[in-house]
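Structural overview for review
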Amino acid sequence: MTLAELENMKAESLREIAAAGAAADVEALRVKYVGRNGSIPALIKAMKDVPKDDRPAFGKAVQAWRAEVESALAAKGAGAQSGGKSVDADLTLPGRWRSLGVKHPLTRVIEESAEIFGRLGFTVADGPELENRFNNFTALNTPPHHPSQDRSDTFWFGDDCLLRTQTSPVQIRTMMANKPPIRVICPGRTYRRDTTDATHSANFHQIEGLYVDTKPVSLADLKSVLAYFAKAMMGDGVTVRFRPHFFPFTEPSVEVDFTCHVCKGKGCNVCKQSGWIEVAGAGMVDPRVFRHVGYDPEQVSGYAFGFGVERIAMIKYGIPDIRWLYENDMRFLSQLG
Ligand code: PHE
């Protein structure tokens, strides 16, 4: 090849590049001229066949051609790179930023609860969300005429299949599968036919707790465990009070309030001036429940409690509307990292 021929090829290549419009055409020309098997690398490889005297001039011309083709390609926005020699990247730019995800507030409350109760010897038990009548009601001493068994309160699928209304059936499953002592918490989803508003949702989460032993267990044991949890979860200065209540599966039964973590009991908007916030139901396991799972109530005693995960998350993080927890709105969620 003569130098003149080389100049012709160069002019032709630059004309082609100048005429190329679509990115794919530019890329095709990049491959054609400066790609691994392109004409310019081929010429460089063939340099040894050029007569020795002509080589310097020829080499210079080829390098000039390559430089011009590359800058023409770069001007067209090609990711110009040839022979792996020059990298078209600005190494002084900062790296690509990827945002770190954060855990959902409900997940955080569940994990933190498991950790706190774990310190007290509780393990985590699990159960299905689709339950039968026995585990969700009968074994929990809840009679057929109880309002919670009604179709207007519970999602039923036929006569013996329902979406659990509470995590208490996991108590039943755990006791039927194990011998005392038992010390478990059972976090999970629960379902009720509630109309969804700022504080209710048809699907919500509970954490059930159960302690059963062959040595006597008392209401004071229950209170001390919940008091420990209150402080660990909500902060020092938060304690618990029990109010008498009724649950079919516990006797005596109580509702559990935490001192308001915002005003520490003085009264504020968060606690509606009462100084207390209701968080859980609890009590001593009813002897009838023990009989249903095949335990002898003369031999064992225990307590159970159940609290709402949303409730804890809402008071802990100051979330005014339960629906925010389900909307996956990043403007809300990313604030809670
Ligand atoms: N399961 C009860 C509820 O959903 C809460 C509870 C659990 C009460 C355990 C007592 C003992 O309201």
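About the thresholds
Residues numbered from 1 in each chain as written. Predicted model: local features only at pLDDT ≥ 70, side-chain atom pairs only at ≥ 80, totals over all residues. Heavy atoms only, no water. Axes fitted to C-alpha atoms, helices over the stretch in contact; angles between N-to-C directions. Helix = DSSP H or I, 4+ residues; strand = E, 2+ residues; numbered from the N terminus. Parallel < 35°, antiparallel > 145°, perpendicular 65-115°, else oblique. Contact = heavy atoms within 4.5 Å. Nonpolar A, V, L, I, M, F, W, Y, C, P; charged D, E, K, R; others polar. Near = heavy atom within 4 Å. Polar contact = N/O pair within 3.5 Å; in protein donor to acceptor, adjacent residues only side chain to side chain. Areas by Shrake-Rupley, 256 points an atom, 1.4 Å probe, with all protein chains shown as cover. Pairing = 2+ DSSP bridges. Patch = residues over 30% accessible without salt bridge, like charges linked within 9 Å, V, L, I, M, F, W, Y side chains within 5 Å. Salt bridge = Lys/Arg side-chain N within 4 Å of Asp/Glu carboxyl O. Lys, Arg positive; Asp, Glu negative; His and termini not counted. Charge placed at Lys NZ, Arg CZ, Asp CG, Glu CD. Buried < 20%, exposed > 50% of the residue type's maximum accessible area, 1.4 Å probe, protein only. pLDDT = per-residue confidence, 0-100.

Some remarks on the packing of helix 8 (residues 219-234) against helix 10 (residues 309-317)
Axis separation between helix 8 and helix 10 bottoms out at 11 Å; the angle between their running directions is 45°. By the angle between their axes, helix 8 is oblique relative to helix 10. Taking contact as the criterion, the partners of Phe229, Met233 and Met234 in helix 8 are, on helix 10, Ile312, Ile315 and Lys316. Class assignment for the residues of the contact of helix 8 with helix 10 results in five nonpolar, no polar and one charged.

Digging into the site of the ligand
If you check the shell around the ligand, you find 13 residues, and the closest are Gln166, Ser168, Arg192, Gln206 and Glu208. At a separation of 3.0 Å, a nitrogen atom of the ligand approaches a polar side-chain atom of Ser168. Surface burial for the ligand is 91%, taken as the share of its 330 Å² of free accessible area covered by protein chains. Elements that contribute at least two residues to the shell around the ligand include exactly strand 5 (203-213), strand 8 (276-285) and strand 9 (301-308). It is strand 9 that provides the largest number of residues to the shell around the ligand, a total of three residues. For the shell around the ligand, a count of residues per class yields five nonpolar, six polar and two charged.

Observations concerning the sheet that holds strand 5
What links the strands of a sheet is backbone hydrogen bonding, and the strands pair in either a parallel or an antiparallel sense. Read from one edge of the open sheet, seven strands run 1-4-5-9-8-7-6, paired in mixed fashion. Each having just a single partner strand, strand 1 (123-124) and strand 6 (240-247) make up the two edges of the open sheet. Contacts between helix 8 and the sheet are confined to strand 6, strand 7 (250-259), strand 8 and strand 9, with strand 6 contributing the most and set at about 125° to the helix.

Points about a negative patch on the surface
A cluster of acidic residues, Asp150, Asp153, Asp194 and Asp197, forms a negative patch at the surface. Examined against the element boundaries, Asp197 turns out to sit in the loop between strand 4 (182-191) and strand 5. The partly exposed category is assigned to Asp197, whose relative accessible area is 32%.

Some words on helix 7 (residues 169-177)
All buried positions along helix 7 are accounted for by Pro169, Val170, Gln171, Ile172, Thr174 and Met175. Of the surrounding secondary structure, the elements contacted by the buried residues of helix 7 are strand 2 (130-131), helix 6 (133-136), strand 4, strand 5, helix 9 (287-292) and strand 9.

Quick word on the confidence of the model for the protein chain
Averaged over every residue, the pLDDT of the protein chain is 91; residues scoring 70 or more account for 97%. A low-confidence stretch, residues 80-84 stays under pLDDT 50, and its non-local contacts, those more than four residues away or across chains, total 14 contacts.

Focus: the pattern of salt bridges
For the structure on display, the rule yields 16 salt bridges. Glu112 is the salt-bridge partner of Lys316, the closest N and O atoms lying 3.1 Å from each other. Placement of Lys316 in helix 10 and of Glu112 in helix 5 (residues 105-119) is noted, with a sequence separation of 204 residues between them. Each of Arg241, Arg243, Glu255, Asp257 and Glu278 takes part in salt bridges that share partners, so that together they form one network.

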